[in-house]
Each structure stands twice: as C-alpha cells, then as structure tokens.
Amino acid sequence: FFFATGAMPPVAKPQATQAAVAPSAEVQAVQIRILQLCQSLPDGVALDHIRRELKAVPQQDLTAAMTQLHSTQRITIYKHGNTCYVKAGAQILRKLEGLGENERLIYDLLE
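Quick look at the structure, then. As the structure is a computational prediction, the values presented were derived from the model and not from experiment. (Residues numbered from 1 in each chain as written. Predicted model: local features only at pLDDT ≥ 70, side-chain atom pairs only at ≥ 80, totals over all residues. Heavy atoms only, no water.)

Our next topic: helix H4 (residues 59-71). With 13 residues, H4 ought to run about 18 Å at 1.5 Å a step, and its terminal C-alpha atoms sit 18 Å apart, in line with that. Buried residues along H4 sit in contact with helix H2 (25-40), helix H3 (47-53), strand E2 (75-80) and strand E3 (83-88). (Helix = DSSP H or I, 4+ residues; strand = E, 2+ residues; numbered from the N terminus. Expected span 1.5 Å × (residues − 1). Contact = heavy atoms within 4.5 Å.)

Another point: the sheet that holds strand E1 (residues 45-46). Within the open sheet, the 3 strands sit side by side as E1-E3-E2. Their pairing is antiparallel. Looking along the sheet, the strands with just one partner apiece sit at the ends: E1 and E2. Across the sheet, H2 is in contact with E1, E2 and E3; its angle to E3 comes to roughly 95 degrees. (Pairing = 2+ DSSP bridges. Axes fitted to C-alpha atoms, helices over the stretch in contact; angles between N-to-C directions.)

With that settled, consider the environment of Tyr85. Secondary-structure assignment places Tyr85 in strand E3. Taking the C-alpha atoms as reference points, Tyr85 and Cys38, 47 residues apart in sequence, are found 9.7 Å from one another. The residues touching Tyr85, leaving out its near neighbours within four places in the chain, are Gly44, Val45, Ala46, Leu47, Thr76, Ile77, Tyr78 and His80.

The next subject is the packing of aromatic side chains. Working definition: an aromatic ring pair is given by the centre-to-centre distance plus the angle between the planes. For the coordinates displayed, the defined rule picks out 1 aromatic pair. A ring pair is formed by Tyr78 and Tyr85, whose centres lie 5.5 Å apart and whose planes are at 20 degrees; its orientation type is stacked. (Phe/Tyr/Trp six-rings, centres within 6.5 Å; stacked < 30°, edge-to-face > 60°.)

In this structure, E1 lies alongside E3, joined through 2 bridges in antiparallel fashion. Bridge pairing links Ala46 to Tyr85 in E3. In this sheet, E3 lies alongside E2 in antiparallel orientation, the contact comprising 6 bridges. Paired with Ile75 across the strands is Ala88, a residue of E3.

This is how it looks when you write it as structure tokens:
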C-alpha cells in the first residue's frame, strides 16, 4: 500500500523517558544485603548463594534490587563456567567498609 501510493509509513515518535523512580524500602534493604554479601566475598558471590541467603525475599524484589545495583554500576555480574557471580565495585566496597546497617541504608538513600 505505501509503495503504491508513494506515502511513507508513519514513524513512531520516541516516548519521553520516565524519571528514575526510587526503589521501595524493601528493595533498598535487599540492595544493602546484596552489597553486604559482596563485601564478605570480594572475589564474587555466586548468584545461587545470594538466592539461598535471601530465600524469604520475593523474587520481584530481588530482581529489582539486582537490576538497580547493576544499572548504577554498583555491582558487576559475570559468568565463570556455568555459574553466575555478583561482585561489588571496588569503590563501593571501600565506601561501605566499617559502616553499620543503618549507615549503609543512609548511604544507599543518598546515593
């Protein structure tokens, strides 16, 4: 039809990107726990280990926390063999060293 009439097909206009939404308190708590696990094993934590440690956390919250941490480059996810690992960035580990859970939550909120 478009070729016969010489008309160009309509072009979809890009939609405005939504502003970043702050994660819920539950997701922030999961982020802190993930970073704590990464701090305890700086060479990387197996994703299965994180899932076992956070088995009470709804999968949706775990996914949201991992996605947020990865998208803000606070963690790196890599694969070695058949296992996926999560590793915190060196800068994050240095910043979190010696902080208690409340301080980590405040850091996470400010970040």
